Amino acid sequence: MSEERLETAAPDWSAYRGVMIVVEHRRGTAKKVSWQLLGEGRKLADKLEAPLLALVIGHQAEHLAQEAIAYGADRVYLVEAPELLDYRTRPYSEICLKVFREVKPEIVLYGATATGRDLAGAIVTHLPTGLTADCTELDVEPHPSRLLMASRPAFSEKMMATILCKQYRPQMATARAGVFQALPKAPERTGEIVRMTETFEEASIAAKVLDFIEEVSHVNLEEAEVIVAGGRGMGGLEAFAMLRELADALGGEVGATRAAVDAGWVGHERQIGQTGHTVRPKLFFAVGISGAVQHTVGMQSSDIIVSINKDPEAPIFQISHYAIVGDLFQVVPAITAEIKARRGGLSMLETAAAGGV
Ligand code: FAD
């Protein structure tokens, strides 16, 4: 496809209205980040007094359009074709370009997932506009500038950079999963579904999806309500069994810092932070973790943070709701035993939420 220019000189942005979320799914099952982005998009759209739009591309995907409305979209553009069952860069990016040209959203947001990054990257090569990758904060300046303020950590997470795209539309960003909150699902919510037709010559699409091999890992840190994370202070692989026991008692998952992953004590799928997962569970235990910014950027939005560290000056305490100064090898088994004896399961959450861990 030749380069496509949405705007040239003397732009008049008044034709561009609305915040559009590109809904990501795997064979009809949405990625949570899409609904999280709709939640954040709702705030931006309300501030701009503009509609919240969603784009669903797939095969037999009307249920996703309905879900998008239930999660806050005012209008959903639905493009369906058998060739669109699985994500492929070329057809998906061509559809996005066509929809953006017709609908003219002022802001487009994608999940900063492997697929979202691939798609947004492919699209931006055809548009004379910017793309801010991996955002953790989004805001807008209201009328008249209507600028998207897309913020992301920069310089090894030592500072936040807010990036503006003043010259072109749409303003585009990818945003991390787990950072923003989805609205409660409201199936009774109503909205408009606009069907757009598209036909493809399968032969013209170079990439073929032969098979899907699901990930062997069953770790789902983004969706865990309780995470018990360990750091270098654990001292070795064996000590992680102690964290597993506490996590099991609370119905949670085990996470880790990069130091623990690099030491080979746990797999990378459990790493939390800048180069790992971004999580926001209801309850997060930081055990033997110092609180480096590259780690905290991935967990600081947790509802309740309980930290256990023998160093009273450990930076992790600055972002913790409960600070336990002590030897983790004594504290963790004591907490686990107490939970097992008194309550067990998620009732710990209720106690913590009420202010009494
Ligand atoms: P440490 O900083 O060594 O802290 C160990 C803590 O354990 C100390 O506070 C100590 O007091 C405590 N401790 C020791 N023994 C005990 C005990 N018996 N009882 C109680 N407390 C004890 N890190 C991440 O986690 N995630 C990332 O995604 C990530 N990405 C990075 C990306 C880049 C580009 C860079 C440069 C770094 C990244 N890092 C990341 C690494 C990060 O900078 C830190 O080095 C790392 O988070 C430190 O891990 P830690 O807290 O486990 O170890």
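Scoring rules and cut-offs
- Residues numbered from 1 in each chain as written.
- Predicted model: local features only at pLDDT ≥ 70, side-chain atom pairs only at ≥ 80, totals over all residues.
- Heavy atoms only, no water.
- Helix = DSSP H or I, 4+ residues; strand = E, 2+ residues; numbered from the N terminus.
- Buried < 20%, exposed > 50% of the residue type's maximum accessible area, 1.4 Å probe, protein only.
- Polar contact = N/O pair within 3.5 Å; in protein donor to acceptor, adjacent residues only side chain to side chain.
- 1 Å grid on protein atoms, 1.4 Å probe; cavity = no way out; pocket = protein on both sides within 12 Å on 5 of 7 lines; lining within 4 Å.
- Points joined across faces, edges and corners; volume = space filled by probe spheres on them.
- Nonpolar A, V, L, I, M, F, W, Y, C, P; charged D, E, K, R; others polar.
- Domains from an automatic or database assignment.
- Axes fitted to C-alpha atoms, helices over the stretch in contact; angles between N-to-C directions.
- Parallel < 35°, antiparallel > 145°, perpendicular 65-115°, else oblique.
- Left-handed = near helix turned anticlockwise from the far one by under 90°.
- Contact = heavy atoms within 4.5 Å.
- Near = heavy atom within 4 Å.
- Areas by Shrake-Rupley, 256 points an atom, 1.4 Å probe, with all protein chains shown as cover.
- Pairing = 2+ DSSP bridges.

1. Some details on the environment of Ser-34
Thinking step 1. Of note, Ser-34 is situated in helix 1 (residues 32-48).
Thinking step 2. Using a relative accessible area of 1% as the deciding quantity, one classes Ser-34 as buried.
Thinking step 3. Sequence separation of Ser-34 and Met-234 is 200 residues, and the distance between their C-alpha atoms is 35 Å.
Thinking step 4. At 2.9 Å, the side chain of Ser-34 forms a polar contact with the backbone nitrogen of Glu-24.

2. Description of the layout of surface pockets
Thinking step 1. Estimated volume of the second largest pocket: approximately 420 Å³.
Thinking step 2. Residue lining of the second largest pocket: 16 residues in total, with Lys-32, Gln-36, Gln-181, Glu-222 and Arg-280 positioned closest to the centre.
Thinking step 3. In the lining of the second largest pocket, the residues fall into six nonpolar, three polar and seven charged.
Thinking step 4. Here the lining of the second largest pocket gathers at least three residues from each of two domains, domain 1 (19-204) and domain 2 (221-354).

3. Overview of the packing of helix 3 (residues 89-103) against helix 4 (residues 114-124)
Thinking step 1. One can describe the packing of helix 3 onto helix 4 by two numbers: an axis separation of 9 Å at closest approach and a directional angle of 60°. As summarised for this structure, helix 3 and helix 4 are arranged oblique, according to the angle between their axes. Helix 3 and helix 4 meet at a crossing whose hand is right-handed. Residues Thr-89, Tyr-92, Ser-93, Cys-96, Leu-97 and Phe-100 of helix 3 form the contact with helix 4, whose own contacting residues are Asp-118, Leu-119, Ala-122 and Ile-123.
Thinking step 2. Each residue belonging to the contact of helix 3 with helix 4 can be placed in one class, and the counts come to seven nonpolar, two polar and one charged.

4. A closer look at the site of the ligand
Thinking step 1. Taken together, 25 residues lie around the ligand, and Arg-232, Thr-257, Thr-275, Ser-290 and Asn-309 are the ones closest in.
Thinking step 2. Within the contact set of the ligand, an oxygen atom lies 3.0 Å away from a backbone nitrogen or oxygen of Gln-274.
Thinking step 3. Interatomic distance of 2.9 Å between a backbone N/O atom of Leu-328 and a nitrogen atom of the ligand.
Thinking step 4. Here the ligand has 990 Å² of accessible area as a free molecule, and 77% of this is covered by the chains.
Thinking step 5. Classifying every residue of the shell around the ligand gives six nonpolar, 14 polar and five charged.

5. Description of the sheet that holds strand 7 (residues 131-135)
Thinking step 1. Taken in spatial order, the seven strands make up an open sheet running 7-11-6-1-4-5-12, and their pairing is parallel. Among the strands making up the open sheet, the edge pair consists of strand 7 and strand 12 (192-196). For this sheet, the mean inter-axis angle between neighbouring strands, taken without regard to orientation, is 20°.

6. Digging into the environment of Asn-309
Thinking step 1. Summarising the element assignment, Asn-309 is placed in strand 16 (residues 304-309).
Thinking step 2. Separated by 279 residues in sequence, Asn-309 and Ala-30 have C-alpha atoms that sit 39 Å apart.
Thinking step 3. Sequence-distant contacts of Asn-309, that is, excluding residues within four places in its chain, are made with Gly-288, Ile-289, Ser-290, Ala-314, Ile-316, Phe-317, Ile-324, Val-325 and Gly-326.
Thinking step 4. At 2.9 Å, the side chain of Asn-309 and the backbone nitrogen of Asp-311 are in polar contact.

7. Re unusual backbone geometry
Thinking step 1. Cis geometry is adopted by the peptide bond preceding Pro-144, which originates at His-143 and carries an omega value of 10°.
Thinking step 2. Examined against the element boundaries, Pro-144 turns out to sit in the loop between strand 8 (137-140) and strand 9 (148-154).
Thinking step 3. Residues Arg-169 and Pro-170 are joined by a peptide bond in cis, for which omega reads -5°.
Thinking step 4. On the secondary structure map, Pro-170 appears in the loop between strand 10 (159-163) and strand 11 (171-175).
Thinking step 5. Its identity is not glycine, yet Glu-49 carries a phi of approximately 55°, on the positive side.
Thinking step 6. By the secondary structure assignment, Glu-49 is in the loop between helix 1 and strand 4 (52-58).
Thinking step 7. By relative accessible area, Glu-49 is classed as exposed at 76%.
Thinking step 8. The backbone phi angle of Arg-146 is positive, close to 55°, even though this residue is not glycine.
Thinking step 9. Looking at the secondary structure, you find Arg-146 in the loop between strand 8 and strand 9.

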